[in-house]
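Commentary on secondary and tertiary structure
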Amino acid sequence: MSATSATGPLADIRVLEFTTAWAGPFAGRCLAYMGADVIKVEAPEHPDSWRGPRSGGAAGYYPELTPEPDPQNRNLLFNSQNLGKRSLALDLKRPGAMEIMRGLVRDADVILANFTPGVLDRLGIGRRDLAAVNDRIIVVEMPAFGPGGPSSGHQGMGKTMEPAAGMTALMAYPDGTPVLTGPAVMDPTGGLNAVAAIVSALELRERTGRGSSVMVPQVEAAASWIGEFVLEQAETGRTWRPHGNHVPYAAPHGAYPCQGEDQWVAIAVHDDEQWRALCAELGADELAADPAWFELPNRLADQDRLDEALSRLTATHDKTALAHRLQRAGVPAAPVLNGREIALSPEMRQAGMVAELDHPAVGTRTYSTLAFRHSRTPGGHRRAAPLFGEHNDDVLADLLGYDGDHIASLRANGVIADVPVADTDTPRATRTDNASTSAQPTTDEGSDDS
Amino acid sequence: MSLSSDQPPTAPATPSPLDGVLVLDHSTSVAGQYAGRLFAMNGAEVVLVEPPEGTPTRRRGARAEGDSFLFQHLNQGKRSLALAPTDDEGPWRELLARADVVVRDQRGDHPDHAAPDSVDCVVGDTPESGPYDDWSFSELVHQALGGAMNTTGLLDRPPIYGLGERASYATGTTAYISAVAALHERRRSGRGQRVDATVFESVAAMGQNLVSQYSYNGTHETRARYPGFLAMLQCADAWVVLFVIRNWPTACRVFGCEHLLDDPRYATSGARLEKWPEIVAMFQEAARPMLADDVVEACQNGRVSAEKVSSLADLVDSEQWRVREVMTRLPDGGTGQAALRSVFTIEGANTEVRAPSPPLRSSPDVDAGWGA
């Protein structure tokens, strides 16, 4: 098992992970967090795209904005989504590699992949092939679309799966311009749905004695997260028409400017009592006294004017102080936090959402953690992301009993590797933003295909 | 006390992952009740425990006749147990003693009489006794605190919170995973345990690399132009989103910009990224008279990821959803209740929703034998 003392509820589970970018690695990271021994199998000629290129990577991905040296082990995208895993760099196309795979599959529980459909079969590691080695193996694929439909062969990425799932049409500024979620929410959505499928398949195995083939079509699965909209459309032919942050059940409801550049407070007023409290906290007696806005239906019908009035009142306030005051007065509100504020947030640390981990190539850094909380068998991120091929020897010696000569031979023949021999597809970029003059990364989230 | 369902679950023709598992869904939140839906889809017998007037989600959001669409979606596949304080507690205790999982809101104890090896699945907005414990929450508030909102939208306009209840669905999925993982562990230890899932933590977990980026180099993302090869183009009939991370020649050909392929100013990935706004403007000009489906097909044929900004009307009527049977109608004695069929498939197993959401009944038709 894992070199760490895993205590999570899945501490008896071993996963062989063939994934790239965000959704698939996120799923594997969840399993590792809950104690599974997750071995990330990477191809030397096609490493996880989030490791970035062998040289010349975008500075914003790297410690101190410095890609060199060793960028493929120092990329924060890869290192954020592969916590707690082991790395085996294995070229499945080389003689001897499939013997290693079969050996690992004998004692594994789950194969996890986010290639396009059919790639696992072409590699000879689909469920049909592997069942002959271990009939209890669960093979999980998470393509953008399920098989059969006209979109089934589509390349899916987080940013393109969101519009295909119907979500983007439900988010727009008042002029009708659609809006995509900043971080591609479809990737962790797909990852979570995959983990739900895996724990379900483990339970099914207890009932049937056999493993199974699992399919998580990410776009179709995500429709369940807007299910009430889908049902309304199906039953009435109506669809919610988006208008910025407006909703049909609360007004005002939106982000309002505060002191400083790009600083905002989010306010959601669900009833008339909250409206009166909001006005009182902002010293806006004239608004509270305006009969045109006494009641929610009137405010819902006049939201643009309401937003303008409120924006003038919030602009002189500190967003965090105002949010705390409003909350004390019973008004749902929050500061709109940026990445720096979240990274430094005492509330995040108190909730256990930040972990400090030491990594041989980047030193001790902080990372976001996950939200699974088990009282008796707690999970956790106990180890940083692996270097490329870091656990080649451990895996082959400890799990398969290979001796040093055998491993050396495999290394000499390129079956296993200690460094990638190819670039990935991560684009190169440099940009600055208002918060810093530092270079910023491109975000290649969701390139979840082969 | 009344226990109701128009369509009691029948013995499945094929196995389901959670056959034989009894779940009492005592929650009132979207997150808790969505966790219950996932249990029901995967074969557990799920009882929604409600007050006599019904759980609040019955009245939340748009509705046609009777219950809201939100309630229908969250509670399909469940049965309802309407429990009044004055009811005989005997049948309730009996169910509790048999339950494998109890899903409930925060601010209470694991119910008395629950089996000692049961899983106590507690769902809430933020960790109990934490710094936000006395705050009031909504999707907007969660997305503001979690970081996604600050990076969604345009830099010269207000940040956008998103839509619907996605933060709560993430939490419901997290709760389901945690509880099923605890059932898995129970097989080894013979013991239950408490699992917690909060919206605050679930949203934070979905942040890409907010914390690590700051830790690595002190920077953070904003709503400034997306820094990758992303384009959102307005076609004649709809918007299209494409991501040209690879296969640049495909994009040039789709939009009649082949001349860029021989232009040394666009020869490298880095050079193209620097000029990306200018490139997008050219693509946009070409795309304006084109049909969105044609653009998507041409891009995908050349292995460039592209999709139309599909409306729900598009999707519900689409060939993709028809072939994939994404939706179904659950028999309810009338025209049937619309439902999304499954989240994932497991070969040889039933992982589909299989009964409409339960009606609320006031008649005291206790069926103490159900769920045994």
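An account of the accompanying structure is given in this report. (Residues numbered from 1 in each chain as written. Chains lettered and ligands numbered in written order. Predicted model: local features only at pLDDT ≥ 70, side-chain atom pairs only at ≥ 80, totals over all residues. Heavy atoms only, no water.)

**Side note on the sheet that holds strand β10 (residues 305-308) of chain B**
Residue and element names in this part refer to chain B. Reading across the sheet, the three strands line up as β8-β9-β10 and stay open at both edges, with antiparallel pairing between neighbours. The sheet is open, and its two borders are formed by β8 (230-234) and β10, each paired with just one other strand. On average, adjacent strands in this sheet sit at an angle of 15° to one another, irrespective of strand direction. Pairing of strand β9 (residues 239-243) with β10 involves four bridges; the strand directions are antiparallel. If you follow Val241 over to β10, its bridge partner there is Glu307. Running over the sheet, helix α11 (residues 292-301) touches β9 and β10 and is turned about 165° from β10. (Pairing = 2+ DSSP bridges. Helix = DSSP H or I, 4+ residues; strand = E, 2+ residues; numbered from the N terminus. Axes fitted to C-alpha atoms, helices over the stretch in contact; angles between N-to-C directions. Contact = heavy atoms within 4.5 Å.)

**Digging into the packing of helix α1 (residues 30-41) of chain B against helix α5 (residues 166-189) of chain B**
Residue and element names in this part refer to chain B. Where α1 contacts α5, the axes come no closer than 7 Å and their chain directions differ by 50°. Classified by the interaxial angle, the pair formed by α1 and α5 is oblique. Viewed along their axes, α1 and α5 form a crossing whose handedness is right-handed. Along the contact surface, α1 presents Val30, Ala31, Tyr34, Ala35, Leu38 and Phe39, while α5 presents Ser168, Tyr169, Thr171, Gly172, Thr173, Ala175, Tyr176, Ala179, Val180 and Leu183. Looking at the contact of α1 with α5 residue by residue, the classes come out as twelve nonpolar, four polar and no charged. (Parallel < 35°, antiparallel > 145°, perpendicular 65-115°, else oblique. Left-handed = near helix turned anticlockwise from the far one by under 90°. Nonpolar A, V, L, I, M, F, W, Y, C, P; charged D, E, K, R; others polar.)

**Examining helix α4 (residues 139-146) of chain B**
All names here are of chain B. In terms of burial, α4 is a largely internal element, eight of the eight residues being buried. Those residues of α4 that sit buried are Glu139, Leu140, Val141, His142, Gln143, Ala144, Leu145 and Gly146. Note on α4: the residue one or two positions beyond its end, Gly147, has a positive phi of about 100°. (Buried < 20%, exposed > 50% of the residue type's maximum accessible area, 1.4 Å probe, protein only.)

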